[in-house]
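Commentary on secondary and tertiary structure
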Amino acid sequence: MKCLDTTMTHQRREPSSSQPLVAAIDLGSNSFHMIVARVDQGEIRPVERLGKKVQLAAGLNQHDELTAEAMKRGFSCLSQFAQYLSGNQFQAVRVVGTNALRKARNSRAFVDKAQAILGYPVEIIAGREEARLIYLGVAQTQSDDNERRLVIDIGGGSTEFVIGERFEPRLMESLHMGCVVFTDRFFGTGELSEQRFQSAYYAARLELLNIEQSYSRLGWVDTVGSSGSIRAVSTILQAMGECEIISRDNLAMLKQKVLTFNQVNSVRFPGLKPDRQAIFPAGLAILMACFDALGIEHMRYSDGALREGVLHDMLGRDRHEDVRERTINALMSRYHVDEQLAAHVMTHARNCFAMVADAWKLTDKDLELLSWAARVCQIGLDISHTQYHRHGAYLIDNSDLMGFSKREQQQLALLVRGHRRSISKPPMTAWPKETARRLMHLTILLRIANTLTLGLNGDALPEYSMSVSRSTISLYFPDDWIEQHPLTAANFAAERSYLSKAGFKLVVT
């Protein structure tokens, strides 16, 4: 295989210093990219694009661990991104990792070092969340009509499919096929032949069997492609003087021309960048399989993709259009949560948080996580009352929660798991020490909020206060109130025992 091109690519526009900067970094399976933009009257105006071929997916060994060399390539690229970030003032920066980091067993080691280099948290996002963000990025580049569109994005390690209308995705999927992993799988020796190309094509068709019926049943009017492999096809066709619209006929023509080469490193086309030569045949095979499996006749290319979607998603959150709120509401509805009870739990959780946030050094993001957990901690009741906190944690941990990173999803599940009965320490200690401390404190706040709602109408509670000192938590009620409410006293007595086993002392007076 050809050595990686270590050149950082740039596309720059002259910035205006009067608007705040935002940045999105996409840690893809093939390349790392950063887009920098200014927010001007609610619109995102790109001023800088940086990208570098890293090929994390090609750096996964037989045990699905990133090799030291693959990590080194990634860290080298991130060091260059970090220099740019440190030289400018940013209102917001978001970093997301995709398929290769989802798959890598040692992704935490990579993420820890990446966060140290960049100075910002790294989120490994689920496949369907990646699809949602890709759709959002593509939708921003399309005419604002009501036609239903299919968006396909062929990446290095996975391919995302979304059917949506305007800015709302309706059907999302991420399949385990990408130009880098298929290159290693079918063209790993560098040899290019019709048999190898057809093997890649049929492997993609097998993956597509999982979605063919559901996507065809929903249907679409327009098909749009995004990211590297589809961009390469579009660029080549235009350089050859063909129509910029990708069709079945010109894909067949490209296949015939590709098969005139005997080695993937020898593939040459006008407009094809050197760093995409070796992975182009695999990307083309996947795209042809998509056309045939889904009955696509024509496809347009869009410059918008994941990182543009991340930017617009951040802007949406700043405008209080957070998709995570819709996700939480959908969870509550799907699992028939008692909304009044959930509101009481959230109110008490937020009250307790306000009283101890300074002492426990908790942040607004912690309050956000606690509020979500308070609203969905009852979802397991829809399965069974017995061990419902475990059922709820399982549902959250194994669902596709739009807008949530895998880290947020795992932490949300941990809080729901720990909101009643015994507190399991191993899941806490699996996190870094400071994160584990924070999660334990949030779990305690959620447990107290839940206990305050047991056996009572939330509105019947008197004013109370709370304080913390090291590992001691003190709750104060009006004189004789606890004695006059024996069920609440019994509930707090049980809670005192559970917290004691976790190393905390609960005092209720």
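For the structure itself, consult the block above.
Residues numbered from 1 in each chain as written. Predicted model: local features only at pLDDT ≥ 70, side-chain atom pairs only at ≥ 80, totals over all residues. Heavy atoms only, no water.

Notes on the sheet that holds strand 13 (residues 465-469)
- One open sheet holds the three strands; their spatial order is 13-14-15, and the pairing between them is mixed. Since the sheet does not close on itself, it has two edges, and those belong to strand 13 and strand 15 (505-508), each with one partner. Neighbouring strand axes in the sheet, compared pairwise and without regard to direction, differ in orientation by 15° on average.
- Where strand 13 meets strand 14 (residues 472-476), five bridges bridge the pair, whose relative direction is antiparallel. (Pairing = 2+ DSSP bridges. Helix = DSSP H or I, 4+ residues; strand = E, 2+ residues; numbered from the N terminus. Axes fitted to C-alpha atoms, helices over the stretch in contact; angles between N-to-C directions.)

Some thoughts on the nonpolar core
- Counting residues in each nonpolar core, the largest one holds 60 residues, and the members touching the most others are V376, L412, L445, I448, M466, I473 and F477.
- In terms of residue count, the dominant contributor to this core is helix 18 (residues 433-453) (10 residues).
- Not counting the four nearest positions on each side in its chain, I448 is found in contact with C352, M466, I473, L475 and L506. (Core = buried A, V, L, I, M, F, W, Y, C linked by side-chain atoms within 4.5 Å. Buried < 20%, exposed > 50% of the residue type's maximum accessible area, 1.4 Å probe, protein only. Contact = heavy atoms within 4.5 Å.)

Some words on the pattern of salt bridges
- In total, this model carries 23 salt bridges according to the counting rule given.
- With a closest N to O distance of 2.8 Å, D292 and R248 form a salt bridge. Highlighted residues: D292 in helix 10 (residues 280-294) and R248 in helix 9 (residues 248-258), separated in sequence by 44 residues.
- D292 sits in the partly exposed class, given a relative accessible area of 30%.
- For R248, a relative accessible area of 29% gives the class partly exposed. (Salt bridge = Lys/Arg side-chain N within 4 Å of Asp/Glu carboxyl O.)

Thoughts on the sheet that holds strand 8 (residues 159-165)
- Strand order in the open sheet formed by six strands is 9-8-7-10-12-11, and the pairing between neighbours is mixed. Every interior strand has two partners, whereas the edge strands, strand 9 (168-175) and strand 11 (246-247), have only one.
- Sheet analysis places strand 10 (residues 222-226) next to strand 12 (residues 298-302), joined by three bridges and oriented parallel. In the sheet register, G225 faces strand 12, and the bridge partner there is Y301.

Points about helix 12 (residues 323-334)
- An ideal rise of 1.5 Å per residue puts 16 Å on 12 residues; helix 12 measures up with 16 Å between its terminal C-alpha atoms.
- Those residues of helix 12 not exposed but buried are V323, R324, T327, I328, L331 and M332.
- Of the residues one or two after helix 12, H336 is the one with positive phi, at around 55°. (Expected span 1.5 Å × (residues − 1).)

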